[in-house]
Amino acid sequence: MRRREFLGLIAPSVLVMGGLLVLPLYRTVEWSLQRVNYGEAGTFVGLDNYSAALSDPRLGRAVLFTVGLTAVVVATLIVGGYLLAVMVNGLGRSKPFVLGFLLISYVVPNIVGATMFSWLFDANFGGVVNHLVSTLTGHEVLWFIDPWPNRLVIALDTIWFMLPFSMLVIIAGLQGVPAEVIEASRIDGASTFRTHWSVIIPSIRGVLGFVAIISIMDVLRTFDQLVPLSPQATQIGNESIMLYIYNVAFQDGGQQLGLGSAINVLLILLIVILLYPFIRGIAKEARQA
Amino acid sequence: MPQPRTTVVRALATTISAALLLTACGAGSRTSSSTAAQVDCDFPAPSKATSVNVLAYNSSAIDPFTNTMVKSCSKNQVTVKHEPIDFAGQVQKTTATLAGDTGTYDVVETYGFIIPKYAGEQKLRPLDEYVAEFDQEYGLSDINKAMRQAMSYDGKLYGLPMQAQMYVMAYRKDVFESLGLKPPTTFAELRDVAGKIQQAGQIKYPVALPLLASSDIATAYDSALGSLGVDYVDATTMTPNFDKPEAAKAFDELRSLAPFMDPQVTTFDQPRVQQQMYNGSAAVAIMFSGRMNDLTQASNSKFSQQFGFAPPPSVAGGDVLYNTLSVDGWSIPTNAAADPKMLFEMIASSVSADASKASVPAAYPARDGIVTPGSSPYAEAAQVSIGKAPPAEPHPWTSRISNDTRTVVADVVLGNTPVAEGTAQMQQIAAKILAEYKK
Amino acid sequence: MTTLQEHGSALEPSRSDGEPPSAKRRPRKSAHTYLVGGVLVLVCWAMVSPVLWTAMAVTKPTDVAFLNPPVFTYEPTMTAFVDLWQTTLFADYLVNTLVVAVLSTIAALVIGLPAAYALSRFPSWVSAVLLVLALVFRALPRFAVVLPMYDLSRALGVYDTTFAVAAALVAINQPFSIWLLRNFFAEIPKELDEAAMLDGCSRLATLRRVMIPLMGPGILTAGIFVFLFAFQEYLTANILTDVSARTVPVFIATQLGQTLPMLQQAGAAAMLLTLPVVAFAFIAQRYLVAGLNSGSVKG
């Protein structure tokens, strides 16, 4: 392919991303160096917003919560997604049927799904899970103000709507594993567990990496589900970084757009650092392709 | 490969979807609810088709005024549009629409608390000249003076009052009667009554207050402080009052109710408190009067006939109750696109005598003499309550202090921060804000 | 780990792709088949229960809709649905949501296909940089781009239009689209384009006449994903719209702080939004697996 052709083909996409992603990003960086309100011109304040953000203990808590949630959820998604994928993939005629059911939580908008989820736990709305748990254990669990039960609800909801994607991608990966390889391993007398561990999993490593990278990105950005699930997130340390930005820059007419932008920039740095191993792999692959 | 079972499921899903879509017959046909009045809204037709966007949260007290405006003023090439939104949504959209040179909304629902801030920033249009012009036509001089005062800043009117909202206490008559209790008039009595209900064993957490940590809790603290006779700020010396003993006492009193409230009460906004009452989970609730009419609706709760209403208690005895008086009204943003005179006629017609009468019993209209003790089950309680509220603090810093100290208030009420440390932090935050206004 | 061990062999029949279970599989249909079946039924039930519970809440009479402890037997009613349609502009929100989803899907594919094709065929540092950038963009916190977009759309006078929301979503979902599509293209042998070009096709004609027809399942997969993303989007739509372009997720979110009966109507709106996508999920799942399977997710 000639350079001219290449440039012509990627131009529309680059223009769209340049105009609607890079330009806004530039604006965010600019705002992060200003004291600014909506609809007003800002005044340059240098790195004040950054030092304000970094000295706010809330940011540290938000980072800790977000990264912790990411670790737990992503690990569950990969292990759970794999187990579920193996089970579903082994089904016969009922497979499309089961897949359809499992995909429901994935296609429901997060905020709507999280609201439905919160109703299961909220005594005010006759939550059935809450009712069952308190009837069975005789113990009232404070799902919305006790930090750990609330974290459990948040993690469960996040897993609930992300598991189908992970399962779907892993099923696709499993179908690409050559039958002969599995057969060979079985003839060698390997146990079922060994076949999975040393034959199938290594051969779909790329797929599992893909699930990991997409999930890490999405959980790091956790926001929508916290609105219904954690009304008191700030007080109990369950504020995600995105929710923190929202509370600072938008909620209740909070007008600290500059501070919010500075946290945005810091979050981008965090994401790039966490994704660095993947970035290197991709850069290498793209140059060779 | 055909998969018979999926086909069945698919057919089923399609059928259910179709059946639900069928409920759409006559979509949009009831845009105004039955509380909407048809009133005169006589603005001259504009030269071209115009649409007027109204920002107002939904509650049974605000809806009658909004719906009347939509119903009566959509004519002469003008479409008045109102989309349902909750209170948090209104707060956020108000900030957004008032920022910048143009805004989406032409008419905004406002309340006394935020008028000084937005008026001080010249984001709202003064209405006095229009009031003078249309006084006769819409009978504007019958609107209560004090309420007009509450919507004014620096001697000018920035919001046309539609109604007052004050705290009212709702309680379960049947529960109180069976235990021989009387509606409490102080927090000490409230604790006593709540303790007795708790002991009776039927209701575990008898008291419900809107204490949502991200919003209502600030109003609750302000009400408690006000009932103890102290303002946020001493306006003459421009010093915050959080170092006064009452500031700590207000916290102690609010916290003293904790054993009688649901442990998750700091996640309750007013609709959730209503739900507590609908469900019979609580026996006493204190919230704005505009939420009371919902309780009396049989369609919402099987206890609708059991609710009694009383003025809220005072925190430590005395004449000023645990209370907030909030006047709701209509404002016109400075950056509204439509002709302000036409917009004024619309808001004036929505608070006209006929419209105000139609809003009872759901609301407590701003016009003198419309609410009588017999207007609604809670009218008498509301009338007592309105006269015993702490004075408003009509200054631009009030809403800012309230906003910026809210997380501290929440942390103290929740017990995360000791009272003394919390009040010290609040004193500092408020002093910093006040410094901006001293110059 | 027992589940894993017990039915590892279950991998095998998948490649028979819908072929009726053969006789030799029968004898194995014993304990572990039932165990797997049982586990899957439980998982499905758990996954669907939030939706089911909401479906129950919105078909209950209003006074018992959110009663605590909950009621399980009641006379179902459709009042919440009827009220929703009749007293709100739900129909408009639904149309807005669909317009945004369809517009942004079409635009994302029209713009993304050529770019993905070029990236799969032109190994250079430019491609590498672009792909890495796409990855980083995919991971961007929404606020970092959406808040400036709010300012931008106001300045351009497109604030509160379905166009602005769709344009924003095209850009936001562009990294995912080109990433996915590039991997599909990478699966198609390069010799194919060379042959076509020898036959006198231009680059663009090769893409249109040869590549795109071959990409059927890949395009469908990418299209389904982008459509779903747009259909579900809350944050972007919330910040870029006020009244005229409000979408269903935004509408539902602004109703969560309401009381009865409007809260019940919000639940009804959630069900109305959910059911069509559930039907869609049943139809789309086959294509999704097939599409992803043809090599898109090598990582």
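Residues numbered from 1 in each chain as written. Chains lettered and ligands numbered in written order. Predicted model: local features only at pLDDT ≥ 70, side-chain atom pairs only at ≥ 80, totals over all residues. Heavy atoms only, no water.

1. Quick look at the overall build of chain B
Point 1. For chain B, the helix and strand inventory stands at 17 helices and 12 strands.
Point 2. Computed over its C-alpha atoms, the radius of gyration of chain B comes to 24 Å, within 12% of the 22 Å expected for a compact globule of 439 residues.
Point 3. Projected onto its principal axes, the C-alpha positions of chain B cover 70 × 60 × 55 Å.
Point 4. Within chain B, the fraction of its 439 residues that count as buried is 60%.
Point 5. Taking all contacts inside chain B whose residues are at least 6 apart in sequence as the whole, residues at least 24 apart take part in 76%.
Point 6. Surface exposure of chain B reaches about 16,800 Å², of which carbon and sulfur atoms provide 52%.
Point 7. Taking the average location of the 35 positive side-chain charges in chain B and that of its 43 negative ones, the two points are 6 Å from each other. (Helix = DSSP H or I, 4+ residues; strand = E, 2+ residues; numbered from the N terminus. Rg over C-alpha atoms; globule rule 2.2 N^0.38 Å. Buried < 20%, exposed > 50% of the residue type's maximum accessible area, 1.4 Å probe, protein only. Contact = heavy atoms within 4.5 Å. Areas by Shrake-Rupley, 256 points an atom, 1.4 Å probe, with all protein chains shown as cover. Lys, Arg positive; Asp, Glu negative; His and termini not counted. Charge placed at Lys NZ, Arg CZ, Asp CG, Glu CD.)

2. Focus: the pairing of strand E10 (residues 284-288) of chain B
All names here are of chain B.
Point 1. Judged by how many residues are buried, E10 sits mostly within the fold: five of five residues are covered.
Point 2. Here five bridges tie strand E6 (residues 160-172) to E10, and the two strands are oriented antiparallel to one another. The residue bridging Met 169 from the neighbouring strand is Ile 286, located in E10.
Point 3. As judged from the two bridges shared by strand E7 (residues 207-208) and E10, these two strands associate in the parallel manner. Residue pairing across strands places Ala 208 opposite Ala 285, the latter belonging to E10. (Pairing = 2+ DSSP bridges.)

3. A short note on the packing of aromatic side chains
Point 1. Inspection of every chain in the model, using the stated rule, returns 41 aromatic pairs over all chains.
Point 2. A cation over a ring is seen here: B:Arg172 above B:Phe303, with NZ or CZ 3.8 Å from the ring centre. (Phe/Tyr/Trp six-rings, centres within 6.5 Å; stacked < 30°, edge-to-face > 60°. Lys NZ or Arg CZ within 6 Å of the ring centre and 35° of its normal.)

4. Quick word on the environment of C:Leu98
All names here are of chain C.
Point 1. Along the chain, Leu 98 falls in helix H4 (residues 90-121).
Point 2. Of the residues examined, Leu 98 reaches a relative accessible area of 40% and is grouped as partly exposed.
Point 3. Other than its neighbours up to four places away in sequence, Leu 98 contacts Phe 227 and Phe 231.

5. Quick notes on a nonpolar patch on the surface
Point 1. Together, C:Leu42, C:Trp45 and C:Leu52 give the surface a local cluster of nonpolar side chains, amounting to about 370 Å² of exposed area.
Point 2. Following the sequence through the fold, C:Leu52 ends up in helix H2 (residues 31-59). (Patch = residues over 30% accessible without salt bridge, like charges linked within 9 Å, V, L, I, M, F, W, Y side chains within 5 Å. Salt bridge = Lys/Arg side-chain N within 4 Å of Asp/Glu carboxyl O.)

6. So, the packing of helix H1 (residues 3-32) of chain A against helix H7 (residues 162-187) of chain C
Point 1. Contact geometry of H1(A) with H7(C) gives a least axis separation of 9 Å together with a crossing angle of 125°. What the angle tells us is that H1(A) and H7(C) run oblique. Both H1(A) and H7(C) take part in a crossing whose hand is left-handed. The residues of H7(C) that touch H1(A), namely those facing A:Ser13, A:Val16, A:Met17, A:Leu20 and A:Leu21, are C:Ala167, C:Val170, C:Ala171, C:Ile172, C:Gln174, C:Pro175 and C:Ile178.
Point 2. Across the contact of H1(A) with H7(C), the residue classes tally to 10 nonpolar, two polar and no charged. (Axes fitted to C-alpha atoms, helices over the stretch in contact; angles between N-to-C directions. Parallel < 35°, antiparallel > 145°, perpendicular 65-115°, else oblique. Left-handed = near helix turned anticlockwise from the far one by under 90°. Nonpolar A, V, L, I, M, F, W, Y, C, P; charged D, E, K, R; others polar.)

7. Observations concerning the domain arrangement of chain C
All names here are of chain C.
Point 1. Annotation of chain C at the domain level lists domain 1 (2-10 + 27-77) and domain 2 (88-296).
Point 2. Put simply, the middle of domain 1 and the middle of domain 2, counted by C-alpha atoms, are 31 Å apart.
Point 3. Summed over both partners, the interface of domain 1 with domain 2 comes to about 660 Å²; 79% of that surface belongs to carbon and sulfur atoms.
Point 4. On the surface where domain 1 and domain 2 come into contact, there are zero salt bridges.
Point 5. Our count for the contact surface shared by domain 1 and domain 2 stands at three residue pairs in polar contact (both at pLDDT 80 or more).
Point 6. Of the residues that constitute the side of domain 1 that touches domain 2, the class distribution is seven nonpolar, two polar and one charged. (Domains from an automatic or database assignment. Buried area = accessible area lost by both parts, 1.4 Å probe. Polar contact = N/O pair within 3.5 Å; in protein donor to acceptor, adjacent residues only side chain to side chain.)

8. What about the interface of chain B and chain A?
Point 1. Across the contact, 31 residues belong to chain B and 27 residues belong to chain A.
Point 2. Of the roughly 2,500 Å² buried at the junction of chain B and chain A (both faces included), carbon and sulfur atoms supply 50%.
Point 3. For the interface between chain B and chain A, the tally reads two salt bridges.
Point 4. A:Glu140 is paired through a salt bridge with B:Lys204; the nearest N and O atoms lie 3.0 Å apart.
Point 5. There are eight residue pairs in polar contact (both at pLDDT 80 or more) connecting chain B and chain A.
Point 6. By residue number, the principal contributor to the side of chain B that touches chain A is helix H16 (residues 396-413) of chain B, which donates five residues.

9. Looking at unusual backbone geometry
Point 1. That bond from B:Val360 to B:Pro361 is cis: its omega, 10°, falls within 30 degrees of zero.
Point 2. Note that B:Pro361 resides in the loop between helix H14 (353-359) and helix H15 (379-386).
Point 3. Cis geometry marks the peptide bond from C:Leu260 to C:Pro261; its omega dihedral reads 0°.
Point 4. In this fold, C:Pro261 is placed in the loop between helix H12 (248-254) and helix H13 (262-296).
Point 5. In the Ramachandran plot, B:Gln77 falls in the positive-phi region, its phi being about 65° despite a non-glycine side chain.
Point 6. Tracing the backbone shows B:Gln77 in the loop between helix H2 (63-73) and strand E2 (78-82).
Point 7. Owing to a relative accessible area of 44%, B:Gln77 belongs among the partly exposed residues under this scheme.
Point 8. Although it is not a glycine, B:Gln122 sits at a positive phi angle of roughly 55°.
Point 9. The residue B:Gln122 is located in the loop between helix H4 (115-120) and helix H5 (128-138) in this model.

10. What about the nonpolar core?
Soluble globular proteins tend to bury their nonpolar side chains together.
Point 1. Judged by nonpolar contacts, the single largest core of 198 residues is most densely connected at A:Val88 and C:Phe90.
Point 2. With 16 residues, the single largest contributor to this core is helix H7 (residues 147-175) of chain A.
Point 3. What C:Phe90 contacts, discounting residues up to four positions off in sequence, is C:Leu84, C:Trp85, C:Val248, C:Phe251, C:Ala269 and C:Leu272.
Point 4. Among the nonpolar cores identified, the runner-up in size contains 140 residues, and B:Phe65, B:Met162, B:Val315 and B:Ile401 belong to it. (Core = buried A, V, L, I, M, F, W, Y, C linked by side-chain atoms within 4.5 Å.)

11. Description of the pattern of salt bridges
Residue and element names in this part refer to chain B.
Point 1. Scanning all chains against the criterion turns up 23 salt bridges over all chains.
Point 2. In this structure, the salt-bridge partner of Asp 42 is Lys 75, at a minimum N-O distance of 3.9 Å. Of this pair, Asp 42 sits in the loop between helix H1 (4-22) and strand E1 (50-55) while Lys 75 sits in the loop between H2 and E2, placing them 33 residues apart in sequence.
Point 3. Residue classification places Asp 42 among the partly exposed residues on the basis of a relative accessible area of 42%.
Point 4. Residues Asp 174 and Arg 172 are paired through a salt bridge, measuring 2.9 Å at the closest nitrogen-oxygen approach.

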